[in-house]
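What follows is the residue order along each chain.
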Amino acid sequence: MAKKPTTKSGGGIKGFLTRAGKSFYTGGLFAKESGSWLAQHAARWGFIVATTSIVVFMPLIFEIAREQQVSIYGREDEFLFLLCMCA
């Protein structure tokens, strides 16, 4: 009886390259799936942080700008009043 040929990859450089190629392919699939999962979760948390920051900090920034306008115009009016009194 004749031996049946086996499909097992042999040794040497050809076998090494075959096994390395399969390993890189499997690692690439894992990296793609993991990267996709990580990107989805990072985008979700980024959206949550961004919207919360807008809701919390924008009114604060508006209030600070309003206070600066009041203090600038308040000092200007006071300065003009003192200037008129001295003349």
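Residues numbered from 1 in each chain as written. Predicted model: local features only at pLDDT ≥ 70, side-chain atom pairs only at ≥ 80, totals over all residues. Heavy atoms only, no water.

A.B. asks: Explain the overall build of the protein chain to me, using residue names and the numbers behind them.
C.D. replies: The helix and strand inventory of the protein chain stands at one helix and zero strands. Summed over its atoms, the accessible surface of the protein chain is roughly 8,500 Å², and 70% of this surface lies on carbon and sulfur atoms. (Helix = DSSP H or I, 4+ residues; strand = E, 2+ residues; numbered from the N terminus. Areas by Shrake-Rupley, 256 points an atom, 1.4 Å probe, with all protein chains shown as cover.)

A.B. asks: Please provide a residue-by-residue account of a nonpolar patch on the surface, values included.
C.D. replies: A surface patch of nonpolar side chains, about 860 Å² in accessible area, is lined by Ile54, Val55, Val56, Phe57, Met58, Leu60, Ile61, Phe62 and Ile64. Mapped onto the secondary structure, Leu60 falls in helix α1 (residues 12-86). (Patch = residues over 30% accessible without salt bridge, like charges linked within 9 Å, V, L, I, M, F, W, Y side chains within 5 Å. Salt bridge = Lys/Arg side-chain N within 4 Å of Asp/Glu carboxyl O.)

A.B. asks: With reference to specific residues and values, describe the pattern of salt bridges.
C.D. replies: Summed over the entire model, instances satisfying the criterion amount to one salt bridge. One salt bridge connects Arg66 with Glu63, and the closest N-O pair in it is separated by 2.8 Å. Of this pair, Arg66 and Glu63 both sit in helix α1, three residues apart, which is roughly one turn of that helix.

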